[in-house]
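Structural features, examined
Residues per chain are reported as follows:
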Amino acid sequence: QVHLVESGGGLVQAGGSLRLSCAASGSIFASDVMGWYRQAPGNQRELVADITSGGSTNYGDSVKDRFTISRDNAKNTVYLQMNSLKPEDTGVYYCNVKGLPWTRRNYWGQGTQVTVSS
C-alpha cells in the first residue's frame, strides 16, 4: 500500500509561482511513475506532468515551458514547480503513483487546491 501526502497549494496571483510536494510512504518501486494531475470544477481530471525514476518526463500541453516536475527517489518525493501561473491553472492538484500495467498499482493523494487569481 502507498500513502501520498501533498503540500504546497494555495492562492497566488497570475504570473506567480508555487511549488507542490508529494511525499509517498510505503513501497515505491523503480518502475513506478510518479506524477501530478489536476481537476477544475466541471472538468475531467487531466495529466499535468509525470516522471519516471530515471528522470524521463512527460507534460501536458498547457503547462509545457511553465511547469517543471522533479523526483527525489531517495525520499520517495515528487515536486511540481509551477511558474507563470494563469487563472486556468486553478484546480485541485492530485499526486499519483502508477505501476506497470499488470501490477494494478495506481494510488492517489487527497489533493491540494491551487487557485490563481487574475
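Anything mentioned here points back to the structure above.
Let us now look at the state of the cysteines. Applying the stated criterion across every chain yields a total of 1 disulfide. Disulfide pairing is shown between Cys22 and Cys95; the S-S distance is 2.0 Å. Residues Cys22 and Cys95 share a disulfide whose torsion about the S-S bond is about -85°; that sign makes it left-handed. Here Cys22, found in strand 3 (residues 18-26), pairs with Cys95, found in strand 9 (residues 91-98); they are 73 residues apart in sequence, far enough to count as distant. Assigned by exposure class, Cys22 and Cys95 land together as buried.

Strand pairing in a sheet is mediated by backbone hydrogen bonds. Such pairs are either parallel or antiparallel. Ordered by their spatial adjacency, 4 strands build an open sheet running 1-3-8-7, and the pairing between neighbours is antiparallel. The strands lining the two open edges of the sheet, one partner per strand, are strand 1 (2-7) and strand 7 (67-72). Strand-to-strand twist across the sheet, computed as the mean angle between neighbouring axes with direction ignored, equals 15°. Taken together, the 6 bridges between strand 3 and strand 8 (residues 77-82) define a ladder with antiparallel strand orientation. Residue pairing for strand 8: Cys22 is matched across the bridge by Val78.

The subject of this paragraph is the nonpolar core. Counting residues in each nonpolar core, the largest one holds 27 residues, and the members touching the most others are Trp36, Leu80, Met82 and Tyr93. Mapped by element, the contributors of at least two residues to this core are strand 1, strand 3, strand 4 (33-39), strand 5 (46-51), strand 7, strand 8, strand 9 and strand 11 (112-117).

Attention now moves to the side chain of Asp32. As for its placement among the helices and strands, Asp32 is situated in the loop between strand 3 and strand 4. For Asp32, a relative accessible area of 1% translates into the label buried. Side-chain polar atoms of Asp32 contact the side chain of Arg105, separated by 2.6 Å. Excluding residues that lie within four positions of it along the chain, Asp32 makes contacts with Ser27, Ile51, Thr52, Ser53, Arg71, Val97, Lys98, Gly99 and Arg105.

Rules used throughout
Residues numbered from 1 in each chain as written. Predicted model: local features only at pLDDT ≥ 70, side-chain atom pairs only at ≥ 80, totals over all residues. Heavy atoms only, no water. Disulfide = S-S within 2.5 Å. Helix = DSSP H or I, 4+ residues; strand = E, 2+ residues; numbered from the N terminus. Buried < 20%, exposed > 50% of the residue type's maximum accessible area, 1.4 Å probe, protein only. Pairing = 2+ DSSP bridges. Axes fitted to C-alpha atoms, helices over the stretch in contact; angles between N-to-C directions. Core = buried A, V, L, I, M, F, W, Y, C linked by side-chain atoms within 4.5 Å. Polar contact = N/O pair within 3.5 Å; in protein donor to acceptor, adjacent residues only side chain to side chain. Contact = heavy atoms within 4.5 Å.

Keep in mind that these numbers describe shape and distance, not what the molecule does.
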